[in-house]
Amino acid sequence: MIKFLLMVNKQGQTRLSRYYEQVELGKRASLEADVVRGCLARRKEECSFVEFKDYKLVYRQYAALFIVVGITENENELSIYELVHNFVEVLDKYFSRVSELDIMFSLDKVHIILDEMILNGHIVETNKTRILAPLLALDKMAES
Amino acid sequence: MSDVVEKTLTALPGLFESQTGAAKITNRLRQLIKSITELTSKHEEENLIKRELSAIKEQVSSPNTTMKQMREIMVRAMYCEMLGYDASFTYIHAIKLAQQGGVLEKRVGYLAVSLFLNEGHELLLLLVNTVLKDLQSTNLIEVCMALTVVAQVFPKDMIPAVLPLVEDKLSHPKEIIRRKAVLALYKFYLIAPNQVQHIHAKFCKALSDKDPGVMASSLHIYLQLIRESPDSYKDLTGSFVTILKQVLGGKLPVDFNYHSVPAPWLQIQLLRILSLLGKEDQSTSELMYEVLDESLRRAEMNHNITYAILYECVKAVYTIHPKAELLEKAARCIGNFVLSPKINLKYLGLKALTYVVQHDAKLALQHQMTIIECLDHSDFTIKRETLELLFRITNAQNVTVIVEKMLDFLCYVPIKTLTFAPDNSWFIQTMNDVFSIGGDLLQQDDPNNFLRLLAEGKPEEDDQLRLYAVESYLTVLKGHTSHLPQCFLQVMSWVLGEYAHLQESVDRREVIRLLTQLLDQRSVSSETRVWILSALTKIPEGQTDLILDLAESLSSSQDTVLRQQAQELRHLSQDSQLREWVLVENSCAVDSSLSFLDGFVSEALAAGAAPYKPPHQRQEELSLNLEPYSFSLPVSLSSCSITDRQSPTLLSVSSGLSGNSAELSTLILEGVKRVWGKDGYLPQKEATAPPVDEPSAAVQPASQQEAAERIEPRPEPSTQNQDKQQLASSLFVGLGVGSSVSLLGKSEAPPPRFRKKPRPHESSSSSGTSKRSSDSSSRSSRNTTDSFLYGSFPEEEPATSISTFDHTPKSTTANGLSQNKDTKEDRHANTSQILGGDMVIVRPSTIQDKHPPSVSSDLTALLPADLKDLPHSDVISLTSDPSLSLSSCRLFRDEALLLVIFISNCTETVIKDVAVQLTCEELKVCTGNVMDCLEARSTSVCHYALLMDDPHTNVSLTGTVSYQTQPGHTNTLPFSGTLSTADFIRPLVVTTEEYGKLWLSLSHDVKQNLKLLTDAGDPLRTTLNALKDALQLHVVDIIGSEGIVACRLLSGAPCLLHCRVNGAALAMWLRSPHPALPDFILYHCQRALAHH
């Protein structure tokens, strides 16, 4: 199961966070700081999975932005690793060449995309067309 | 994704100025984002958010705020909460926005609700009406978002209100609505299973929905249901198998593909369901063997996602009722993982192995060298996973080595492992090491567990352990104690306090003195002091003077806790009645974790206080500065402003794998460098060397010498490699069948003997034997030719009568060989491994066939029935003397090279105690064999299975046969011979796809141009066939001017050859996971072609 998904840049600033298991507001900042520290400490040639408290972190770096997913032990790390890439590909399709700023300026839309893909910590949709369909419909209606 | 061009930051200012395009945002949000990117410290952040929150507060309460503005306010509130600041006053406005906004605003309102509120928040009740209304809306988008939020957060008590509506949606014409309804029902099932019991039939309908998306979402429910009670859903196995088959067969629309793999995550989900269904259920498992097999086969693409599927598939194969064929394939898959140069795959391979060894510990043996390498891997995660693996294969024989490895790893020693401890002293000593090395890094539980282990044992049984602990700790305390970690001191003082009285010989004054001494040390923390004082309290009375002195000195301590304890100590030591009453149970609980403060601490933490860090940690952090906004390089602190930040903040989206997949699909293996000239330099060099399969060459001493001169120096195995193998042998001991086999070659088991009554026998010339032995030893160094040379006295073929040892195929050979196979990795060998070196395979028979002397030339007729059909070399005479003659031949088995030795008695009398000892250079021990006697004129057969782990051009074998012709008069007869790598090579049957996949995962390669045989029609085909005949290669495919060939070394290392016609030469490119193997194979290819 997926516990949380974070987008954090190299400076440790959180750009997006989504928790699928309740974490108190006050504890999130320190948790996120620990997570980024754990990922930044890793070298390029090391594997993309780190043990963290009682779960595993799967991280993937895109330019200066890290996408980190916290998962339980029974989850398949490599499939999550690819899920992250699928997510980025979807973002890329929507924003056409997505950047960190796109994510910041359209935080709500990124969340809407993510909600289509992951629900309650489960992967519910991976088909790019279908992930984007509701959001594109929203955009269309908002325009008209 | 390769066409993605990163946006440059120069475009940034423009983005802020213009409000067009996708980033259409209002002033305030833009301002906030800009300020956030410019933040340089936590302090600034606090101020910014404070200002922002008060601005939001003002705006939301203003009656003029439009819904559009409200949407933007919600995004700003999301930012505040994301950074960890409470914006709870906006929650109600989020609900309002969901209620009243237009579609986009409504969606953002719902989103904010799902982000801000958790299940059980009272405000959620206000959302119910909105959800109800939206569920009935004619606008599909509104229905959609209502279903989404219902599946995310919805008050449990209100489920009945929406349930009928959600159920209705299951038959909605739109797939997305049906899909979301299924997911909402799944959520209901999780939080209130009773409410949805009546609609299980509808789940079934969703499973058979014509839309793959709806079907896929129903799998979440089924995974959950089957996990809870697998027996109730066995009847669905067929459906899941069919679905998986269709997915594998590419029946889904293309947009379900991810990097051309059909719906990978769906496949994973199905595999998980199947493994749950097939677990411990043979008949159900049988239904899925075929599809699992297909799934293993389908995953031919070299992309991460196929490996993720493979991993799940391997797990399923090992979870369900086992099927040998599948297990074998799965085990091979694991090999692909662990041997992969890609670190992520290696990790997953280790994880799979960790899972699999719980079912079959022997699998770890196959990969022992990889495991050893991973144990020393620089990557912490890999190391950690390897230890996990070792933990699973811990047994009584390897526990010491494994725990030692874990100690190296410091903070991770599950005490549980130590239940295998061979003896008390080792256990205590190891724990001493754990505590003194690992010290305060240990988890809190470890000292506690250890103490519990000591305390909970039965007094009679564990007193010895305790005694040993007391003794050992007294010794430790007498030495330097200042460097010992606090937790170790605590453990020691507790043990001494509890159990010092067990040791009669110990002076209590001495114990008190040692403990008091600790109190004087400045490095001892006050927590430890408390432990020490408690220990002192428990030490029986009688030493009042010392205690009183101590109490006196501590009563002026600045630490109030200590002062209090000192007072207690004084009272107790003076009042023996009170003492007896207080310490009646001999147990004095000290709450060392200060858990009574937990409430206070958690309150403080919740209020935003930083968690406590010990001083040394704080000091470290000063230099690193790890606060969220400033823990990168110091440079970025000042340069973090949005305008002058030059670092690429854009996402570059590229799949690092696309390159690979392109490479494998076509297998264009161009770029074979023509480093060497067309002639090459080796063919003429080898021109006179005897051909591989010409035993006649063996009898030409002259050619032997030439060969010896020609021979390349044999690479010595590096000492490092030897260390690793030693480590491997001690780690993996006890995993094979014969757990008593010592891997270091120190086999204590005596060689098996065949007992029979001794019989008189005439003596033979012993002087001749000794002369020959010296002869032969000098010869053995020369015997390096490629062919299989055994001895050089082929002058006689003396057997007049041959009796063979009866071979009982099922009971002995089958057993013996399968055992050998199991333990083959167990055994230690440097060059080749000798399996079943004992003669267990061949037993002296009671029935002896008499053969006329004329048959002697065809010794192969004597081979046991099950070996007769194997391809074999000619029989070569090894050595002989007037009494005995030895000949041998090689049999090429699929899993090993069998060396068969025929021992013939040439005399008319019985020869007793015939023992064959076979030694291979760099091989430590080959078990000798003794058979009690060899009847007159009879021949016995014994065979050895040989494996080569590390390829060498040639391997020398030496051996002796000793026998008694007269009681007490032993003759020895030496022999020697050589085996070449070619004997250990077998075809590797793979498909072209498998070849392509394997090719990419191999790291060591060698390229060279070889001679092309042009005498027949198709040069490439002729050449490859010649190679195939000479070296037992498998020609995978020939496409145009290219050919691919595969083989493997017996111990498993594959070698792939890619051949291309290049003018008059054959450009050969070899790849193997083994660094030296390509060289040797190339060498033999050259020779084979040169002799053709």
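All residue numbers refer to position in the chain's written sequence, counted from 1. Numbering of ligands from 1 and lettering of chains from A proceed in the order in which they are written. Residue-level local features of this predicted model are given only where pLDDT is at least 70; pairs of side-chain atoms are given and counted only at 80 or more, and the full residue set underlies all totals for whole chains, interfaces and linings. Working from all heavy atoms in the structure, the side-chain values ignore hydrogens and water.

Per an unreviewed UniProt entry, the recorded name for chain B is AP-4 complex subunit epsilon, and the organism is Cyprinus carpio. UniProt positions are given in the numbering used here, feature names are shortened, and annotations may be inferred rather than shown by experiment. Looking at the Subcellular location (unreviewed entry) heading of the UniProt record, one finds this comment for chain B: "Endomembrane system". In its Subunit (unreviewed entry) section, the UniProt entry covering chain B states "Adaptor protein complex 4 (AP-4) is a heterotetramer composed of two large adaptins, a medium adaptin and a small adaptin."

With an unreviewed UniProt entry as reference, chain A is termed AP complex subunit sigma, source organism Cyprinus carpio carpio. According to its UniProt record, chain A has this under Subunit (unreviewed entry): "Adaptor protein complex 4 (AP-4) is a heterotetramer composed of two large adaptins (epsilon-type subunit AP4E1 and beta-type subunit AP4B1), a medium adaptin (mu-type subunit AP4M1) and a small adaptin (sigma-type AP4S1)." Under the heading Subcellular location (unreviewed entry), UniProt records this for chain A: "Endomembrane system".

Asker: Just to check I follow, could you spell out the overall build of chain B for this structure?
Answerer: When its secondary structure is counted, chain B shows 43 helices and 17 strands. Across the 1092 residues of chain B, 55% fall into the buried class. Across chain B, the fraction of contacts at a sequence separation of at least 24, relative to all contacts at a separation of at least 6, is 70%. For chain B, the exposed area adds up to about 47,400 Å²; of that, 52% sits on carbon and sulfur atoms. Labels follow the DSSP assignment, with helices taken as runs of H or I lasting at least four residues and strands as runs of E lasting at least two, numbered in each case from the N terminus. Each residue gets one of three labels from its accessible area relative to the maximum for its type: buried under 20%, exposed over 50%, partly exposed in between, using a 1.4 Å probe on protein chains only. Should any heavy atoms of two residues lie within 4.5 Å, those residues are considered in contact. Only the protein chains shown count as cover for residues, and all accessible areas are computed by the Shrake-Rupley method using a 1.4 Å probe.

Asker: Help me out: how do you make sense of the pairing of strand E11 (residues 969-980) of chain B in this one?
Answerer: Look at any regular strand and the pattern is simple: side chains alternate between the two faces of the sheet. All names here are of chain B. The element E11 is extensively covered by neighbouring structure, given that 9 of its 12 residues are classed as buried. Whether two strands pair depends on DSSP finding at least two bridges between them. Two elements, strand E10 (residues 954-966) and E11, share 12 bridges in a ladder whose sense is antiparallel. For Leu957, the partnering residue across the bridge sits in E11 and is Gly977. The antiparallel pairing of E10 with E11 creates a hairpin that spans 2 residues between the two strands, and Gly968 there sits at a positive phi of about 80°.

Asker: Teacher, can you tell me more about the sheet that holds strand E4 (residues 55-62) of chain A here?
Answerer: Strand pairs in the sheet, formed through backbone hydrogen bonds, run parallel or antiparallel to each other. Residue and element names in this part refer to chain A. Pairing in this open sheet of 5 strands is antiparallel, and the strands run E2-E1-E5-E4-E3 from one edge to the other. In this open sheet, the two strands that pair with only one neighbour each are strand E2 (14-19) and strand E3 (49-52). The average angle at which neighbouring strand axes cross in this sheet is 20°, direction not considered. Bridge count for E4 against strand E5 (residues 65-71) is 7 bridges, and the pairing is antiparallel. Within the sheet, the bridge partner assigned to Val58 lies in E5 and is Val69. Convention adopted: a line fitted to C-alpha atoms gives each axis, helices being fitted over their contacting stretch, and angles between N-to-C directions are expressed from 0 to 180 degrees.

Asker: What's the story with the pattern of salt bridges in this structure? I'm lost.
Answerer: Side chains that carry opposite charge are capable of pairing whenever their charged atoms lie near each other. Salt bridge, as applied in this entry: a Lys or Arg side-chain nitrogen positioned within 4 Å of an Asp or Glu carboxyl oxygen. Per the stated rule, a full pass over the model turns up 42 salt bridges over all chains. Put simply, B:Arg178 and B:Asp209 hold a salt bridge, and the shortest N to O gap is 2.8 Å. Of this pair, B:Arg178 sits in helix H10 (residues 175-191) while B:Asp209 sits in the loop between helix H11 (200-207) and helix H12 (212-228), placing them 31 residues apart in sequence. Of the residues examined, B:Arg178 reaches a relative accessible area of 6% and is grouped as buried. Within the structure, one salt-bridge network assembled from shared partners comprises A:Lys56, A:Glu73, A:Glu77, B:Lys351 and B:Glu385.

Asker: Can you walk me through the interface of chain B and chain A in this structure?
Answerer: When the parts of a complex come together, some accessible area is lost, and that lost area is often taken as the interface size. Tallying the contact residues gives 93 residues for chain B and 78 residues for chain A. Buried area, as used here, totals the accessible surface that two parts lose on assembly, with accessibility defined by a 1.4 Å probe and the loss added over both. Across the chain B to chain A interface the summed buried area is about 7,800 Å²; carbon plus sulfur atoms make up 59%. Linking chain B to chain A there are 9 salt bridges. In this structure, the salt-bridge partner of A:Glu75 is B:Arg272, at a minimum N-O distance of 2.9 Å. Polar contact is the term for a pair of N or O atoms within 3.5 Å; when the atoms are in protein, one must be able to donate a hydrogen and the other to accept it, and sequence-neighboring residues count only if both atoms are side-chain atoms. Linking chain B with chain A are 30 residue pairs in polar contact (both at pLDDT 80 or more).

Asker: What should I look at first to understand the packing of helix H4 (residues 107-117) of chain A against helix H5 (residues 128-143) of chain A in this one?
Answerer: For any two helices packed against each other, the geometry is given by the interaxial angle and the distance between the axes. Residue and element names in this part refer to chain A. The contact between H4 and H5 brings their axes to 8 Å, and the two run at 145°. Read as a crossing pair, H4 and H5 show a hand that is right-handed. Taken together, the residues of H5 that come into contact with H4 (itself represented by Lys109, Ile112, Ile113, Glu116 and Met117) are Ile131, Leu132, Pro134, Leu135, Leu138 and Asp139. Residues are grouped as follows: Ala, Val, Leu, Ile, Met, Phe, Trp, Tyr, Cys and Pro are nonpolar; Asp, Glu, Lys and Arg are charged; every other residue, Gly included, is polar. When grouped by side-chain class, the residues that make up the contact of H4 with H5 number 8 nonpolar, no polar and 3 charged. Should the near helix be turned counterclockwise from the far one by less than a right angle, the crossing is left-handed, whereas a clockwise turn marks it as right-handed.

Asker: Would you mind showing me how to read the pairing of E4(A) here?
Answerer: Residues and elements named next belong to chain A. Burial analysis of E4 places 7 of its 8 residues in the buried class, which makes it a mostly covered element. The sheet contact formed by E3 and E4 spans 4 bridges and is antiparallel. Within E4, the residue paired with Phe49 across the bridge is Val58. In this antiparallel pair of consecutive strands, E4 and E5, the connection spans 2 residues, and Ala63 shows a positive phi of 50°.

Asker: What's the story with the side chain of A:Glu77 in this structure? I'm lost.
Answerer: Here A:Glu77 lies in helix H2 (residues 77-95). Residues in contact with A:Glu77, not counting those within four places in the same chain, are A:Phe49, A:Lys56, A:Val58, A:Ile71, B:Tyr347, B:Leu348 and B:Lys351.

Asker: What am I meant to see in helix H4 (residues 67-82) of chain B here?
Answerer: Quick reminder: α-helices carry 3.6 residues per turn. Residues three or four places apart thus point the same way. Residue and element names in this part refer to chain B. One fewer than the residue count of a helix, multiplied by 1.5 Å, yields its expected span. For H4, spanning 16 residues, the distance from its first C-alpha to its last is 22 Å, which sits close to the expected 22 Å at 1.5 Å a residue. Burial analysis of H4 places 12 of its 16 residues in the buried class, the great majority of the element. Residues of H4 that are buried include every one of Met70, Glu72, Ile73, Met74, Val75, Arg76, Ala77, Met78, Tyr79, Cys80, Glu81 and Met82, and no others. Positive backbone phi, approximately 100°, marks Gly84, located one or two places after H4.

Asker: Where do I start with the packing of aromatic side chains in this structure?
Answerer: When we look at a pair of aromatic rings, we describe it by the centre distance and by the angle of the planes. Centre distance within 6.5 Å is the pairing criterion for rings of Phe, Tyr and Trp, where only the six-membered ring of Trp is used; planes under 30 degrees apart are then read as stacked, over 60 as edge-to-face, and the remainder as tilted. Under the definition given, this model contains 16 aromatic pairs over all chains. Where A:Tyr94 meets A:Phe95, the ring centres are 4.9 Å apart and the plane angle is 85°; that geometry is what we call edge-to-face. Summarising the aromatic geometry, the rings of B:Tyr222 and B:Tyr233 are spaced 6.0 Å apart at their centres and angled 80° between planes, so their arrangement reads as edge-to-face. Of this pair, B:Tyr222 sits in helix H12 while B:Tyr233 sits in the loop between H12 and helix H13 (237-248), and the two are 11 residues apart along the sequence. Residue B:Tyr222 is classed as buried on the basis of its relative accessible area of 3%.

Asker: Got a minute to help me understand the environment of B:Val182 in this structure?
Answerer: All names here are of chain B. Relative to the helices and strands, Val182 resides in helix H10. Judged by relative accessible area, which is 2%, Val182 ranks as buried. Remark: the alpha-carbon pair of Val182 and Ile221, spanning 39 residues in sequence, is separated by 8.4 Å. Every residue in contact with Val182, bar those within four places of it in the chain, is listed here: Leu170, Ala206, Val214, Ser217, Ser218 and Ile221.

Asker: What am I meant to see in the nonpolar core here?
Answerer: For soluble globular proteins, the rule of thumb is that nonpolar side chains tend to be buried together. The nonpolar core is taken to be a set of buried Ala, Val, Leu, Ile, Met, Phe, Trp, Tyr and Cys residues, with the residues joined through side-chain atoms within 4.5 Å. Ranked by size, the top nonpolar core spans 194 residues in total, and within it A:Phe87, B:Tyr79, B:Val131, B:Tyr222 and B:Phe240 carry the most contacts. Not counting residues up to four positions away in its chain, the partners in contact with A:Phe87 are A:Leu5, A:Met7, A:Ile67, A:Val110, A:Ile113, A:Leu114 and A:Met117. Grouped together as the second largest cluster of nonpolar side chains are 70 residues, B:Leu863, B:Cys889, B:Val916 and B:Ala1026 included.

Asker: Where do I start with a nonpolar patch on the surface in this structure?
Answerer: All names here are of chain B. Residues enter a patch when their relative accessible area is above 30% and they make no salt bridge; the linking distance is 9 Å between like charges and 5 Å between nonpolar side chains (Val, Leu, Ile, Met, Phe, Trp, Tyr). Nonpolar side chains collect at one region of the surface, where Leu594, Phe596, Leu597, Phe600, Val601 and Leu605 lie side by side and expose about 570 Å² of accessible area between them. The topology assignment puts Leu605 in helix H32 (residues 598-606). Overall, the relative accessible area of 30% leaves Leu605 in the partly exposed class.

Asker: Is there a simple way to think about the packing of H2(A) against H5(A) in this case?
Answerer: Residues and elements named next belong to chain A. At their nearest, the axes of H2 and H5 sit 10 Å apart, and the two run at 35° to each other. Classified by chirality, the crossing of H5 by H2 is right-handed. Where H2 abuts H5, its residues Asn86, Glu89, Val90, Lys93 and Tyr94 lie against Lys128, Thr129, Ile131, Leu132, Leu135, Leu136 and Asp139. Of the residues in the contact of H2 with H5, the class split is 6 nonpolar, 2 polar and 4 charged.

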